[in-house]
Amino acid sequence: MSVDLSSGIGTGTPTSRGASPSPATGEPSRRAARPGAGVRRAVEVVWPKLLAVLLVVALWQAIYASGWKPDYRFASPADTVERLWFVMSGNGPFNFWMGVQNTIMRGIQGFALSLVIGTILGIAVSQWRVLRNAIGAMITGLQTMPSIVWFPFAILLFGLDSSAIYFVVLMGAIPSIANGIINGIDDVPPSYLRAGHMLGARGWRRYRFVVIPAALPAYVAGLSQGWAFAWRGLLAGEIIVSIPEVPALGTQLNQAAVNGQSANLLALMIVVLVIGMLASFVFSSIGQRVRARRGLTGFTAGGG
Amino acid sequence: MSTTTTPRHELAEGSLPARTRAPAVSISEVSKDFGRGPDAVVALHEVDLLVERGEFVCLLGASGCGKSTLLNLVAGLDSPTSGTVDTAGNKIAFMFQEATLFPWLTLGQNVDLALRLTGVPRSARPERVEELLEKVRLGGRGHRRPHELSGGMRQRGALARVLAQDADIVLMDEPFAALDAMTRDAMHDEIEGLWAELGLTVLFVTHNVREAVRLSDRTVLMESGPGRVKEIHAMHDLPRPRHLEDQRVTERAGRLTHLLKAEVARHVR
């Protein structure tokens, strides 16, 4: 077991450290209190989320029960969950897991490529004044462009093919990633640059040891936004550009709607939501970690 | 007190380490303007100053007299509009007012980075980092992050980073201005000890008269609008270590304060 020195108040020898509540005082030791506190914290974090989910499901059930739309247009929560379970066990009319895998792989590949291009572009723009004057504003402008607007052009260019989807994913993610790094570099405190200069961090070392690490929080924020745009572009693309031989979440969503399989459709939407939430959780934990290491947390503008 | 710093009695006048009397910094007819045309601000006007090797020189003046500008010119962070700054190929380190330890690194990693950029091989660095942290009395705290340290500890960390660079000339821009008086006193002892031990040349900017009298071999009193050297006060007659309660130190500080006040009043009019 690990020995926590911070709680080693008193004269406890390593062998007696494992003993939890102290019988002498009758009070639980700090160590014994910890697991309970952990569970309590977990419950505190989880119950509002559970409640929110329950409310949504209740509302959903109420609308369903009112008979507003027929089953094939608006399935019940129970049917959806059953369907979700059914497709997840690989029994659906389509290959669910292959679809999930293809979609996620497309997302990861598109995002990875955007990351490389966006980073290089961002550094280049922040470094060369001419380039900044030329395309700096355009990069910011591109961020406001809904990714779906790119599709007619992408289809015209590449046909109904994966390339069209990748193209839109890239056009969505690259501006955000580039912008993140441009903002990050612009906002590096001059005092760090001066300190780095005096330490001998010049030329590429200036980037390696000062600029990039200092710009990291903004860069991570840009990556997070870039992923969000990539994910949206990807799903939109898969719905529009159906490639019959490649199962994908977007394609399956579209088919479910066309075939009037409401429970299938809703089950797939839940899957898309969960994947999006997981990815956003990953990015926010990275961002949180980066900020915490720099002492940028603990007193925030938001509540609790 | 760490055993690596020179004991106080060894700092008495006459027992300072032998120092060659060659200028480490030669500033001649240096002027610096910011901006152009009618809106230009003359920050420095024809400043001449020689700093000898191993000398501790304070630049004293009110805000806006160009003392920080002068330090930046010596550091090479900026270049003069006219005149020359010659640092005779000496290696220069800079300690800033705010401890600019990088927040994305631990204290130890900050010192390590300075060693790495100075070209110290990887294998020698961990030991050297610990040595330097010991020297500034931060031994065993290398794993801390800058935001976890007090203001005084951060400045000592910055000092360790400066020492890691193994520089000949150390430039200090009001490094203790943000510290409380007690911590500042302790830092004065520390910086004086390290200066004597390592034979550093120090150019130290301050607006604090007592600090200048406490630390310097010579204090350069600067005037503003435009910034130039008004008077140079030698402090060699005051034995080290100096105590702020010492009558001669107090007298000297009083005289300089009087001059500085007159200088400020000239501009407030």
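Please refer to the structure higher up on the page.
Numbers given for residues are sequential positions, taken from 1 along each chain in its written order. Ligands are numbered from 1 and chains lettered from A, in the order in which they are written. Local features in a predicted model are, by the rule used here, given only for residues with pLDDT of at least 70; side-chain atom pairs are given and counted only at 80 or more, and totals for whole chains, interfaces and linings are based on all residues. Excluded from the side-chain calculations are hydrogens and water; all other atoms, namely the structure's heavy atoms, are used.

Student: Would you take a moment to explain unusual backbone geometry for this structure?
Tutor: A negative phi angle characterises most non-glycine residues, just as the trans form characterises most peptide bonds. All names here are of chain B. In the segment running from arginine 240 into proline 241, the intervening peptide bond is cis, with an omega of -5°. Under the scheme used here, helices are H or I runs from DSSP no shorter than 4 residues and strands are E runs no shorter than 2 residues, and both carry numbers assigned from the N terminus. Counting through the fold element by element, proline 241 comes out in the loop between strand E9 (228-234) and helix H7 (247-268). In the Ramachandran plot, glutamate 29 falls in the positive-phi region, its phi being about 45° despite a non-glycine side chain. You can see glutamate 29 is positioned in strand E1 (residues 23-34).

Student: Can you walk me through the environment of leucine 107 of chain B in this structure?
Tutor: All names here are of chain B. Here leucine 107 lies in helix H2 (residues 107-118). Its relative accessible area of 0% is what places leucine 107 among the buried residues. Considered as a pair, leucine 107 and histidine 143 are 36 residues apart in the sequence and their alpha carbons are 6.3 Å apart. Excluding its chain neighbours within four sequence positions, the residues that come into contact with leucine 107 are Leu101, Leu133, Leu138, Arg141, Gly142, Arg144, Leu149 and Gly157. Exposure classes here rest on a 1.4 Å probe applied to the protein chains alone. A residue is buried below 20% of its type maximum, exposed above 50%, and partly exposed in between. Contacts are residue-level and defined by heavy atoms, with any inter-residue pair within 4.5 Å sufficient.

Student: Where do I start with the packing of helix H4 (residues 151-164) of chain B against helix H5 (residues 181-198) of chain B in this structure?
Tutor: Helix-helix packing is described using two parameters, namely the angle between the two axes and the distance between the axes. Residues and elements named next belong to chain B. Running from amino to carboxyl end, H4 crosses H5 at an angle of 10°, the nearest separation of the two axes being 11 Å. By the angle class used here, H4 and H5 are roughly parallel. Here Gly152, Gln155, Arg156, Leu159 and Leu163 of H4 lie close against H5, whose contacting residues are Thr183, Met187, Glu190, Ile191, Leu194 and Leu198. Any residue that is not Ala, Val, Leu, Ile, Met, Phe, Trp, Tyr, Cys, Pro, Asp, Glu, Lys or Arg is counted as polar, Gly included; the first ten are nonpolar and the last four charged. Residue classes in the contact of H4 with H5 are distributed as six nonpolar, three polar and two charged. A fitted line through C-alpha atoms represents every axis, and for helices the fit uses only the stretch in contact; the resulting angles, taken between N-to-C directions, go from 0 to 180 degrees. Roughly parallel here means an angle under 35 degrees, roughly antiparallel means over 145, roughly perpendicular means 65 to 115, and every remaining angle is called oblique.

Student: Sorry if this is basic, but what is going on with the sheet that holds strand E6 (residues 169-173) of chain B here?
Tutor: Sheets are built from strands paired through backbone hydrogen bonds, the pairs being either parallel or antiparallel. Residue and element names in this part refer to chain B. Here, any two strands with at least 2 DSSP bridges between them count as paired. Strands sit in the order E5-E6-E7-E3-E8-E9 across an open sheet of six strands; the sheet is mixed. At either end of the open sheet lies a strand with only one pairing partner, and these are strand E5 (92-95) and E9. Ignoring strand direction, the axes of neighbouring strands in this sheet form an average angle of 20°. With five bridges joining them, strand E3 (residues 56-60) and strand E7 (residues 201-206) adopt parallel strand pairing. The residue bridging leucine 59 from the neighbouring strand is valine 205, located in E7.

Student: I tried to follow the pattern of salt bridges on my own but got confused; where do I start?
Tutor: Two side chains with opposite charge may pair up if their charged atoms get near one another. Residues and elements named next belong to chain B. Any Lys or Arg side-chain nitrogen located within 4 Å of an Asp or Glu carboxyl oxygen qualifies as a salt bridge. Per the counting criterion, the structure on display carries 18 salt bridges over all chains. Between glutamate 190 and arginine 156 there is a salt bridge, with its nearest N and O atoms 3.7 Å apart. Placement of the pair is glutamate 190 in helix H5 and arginine 156 in helix H4, with a sequence separation of 34 residues. The buried category is assigned to glutamate 190, whose relative accessible area is 4%. Arginine 156 gets classed as buried once you look at its relative accessible area, which sits at 12%. Of the charged contacts, one joins glutamate 192 and arginine 240 as a salt bridge, the two residues approaching to 2.7 Å between their closest N and O atoms. Here the residue glutamate 192 occupies a position in helix H5, and arginine 240 occupies one in the loop between E9 and H7, the gap between them amounting to 48 residues.

Student: Would you take a moment to explain the environment of alanine 292 of chain A for this structure?
Tutor: All names here are of chain A. Inspection of the secondary structure puts alanine 292 in helix H10 (residues 262-293). Look at alanine 292 and you get partly exposed, because its relative accessible area is 35%. Along the backbone, alanine 292 and leucine 84 are 208 residues apart, and their C-alpha atoms lie at a distance of 38 Å.

Student: What's the story with empty space enclosed by the protein in this structure? I'm lost.
Tutor: Remark: the empty space left among the atoms is shown by a probe the size of a water molecule rolled over them. Residues are called lining when one of their atoms sits within 4 Å of a cavity or pocket point, these points coming from a 1 Å grid over the protein atoms alone, where a cavity is a set in which a 1.4 Å probe fits but cannot get out and a pocket is an open set with protein on both sides within 12 Å along at least five of seven lines. Grid points are joined across faces, edges and corners, and a volume is the space filled by probe spheres set on the points. A complete count under the given rule lists one cavity of 30 Å³ or more for this structure. Counted as a void, the largest cavity has a volume near 70 Å³. Residue lining of the largest cavity: Ala195 and Leu199 of chain A together with Phe94, Met95, Phe96, Thr100, Ala158, Arg161, Val162 and Gln165 of chain B, and that is the complete set. Listing elements by their share of the lining of the largest cavity, those giving two or more residues are helix H7 (190-199) of chain A together with E5 and H4 of chain B. Residue classes in the lining of the largest cavity are distributed as seven nonpolar, two polar and one charged.

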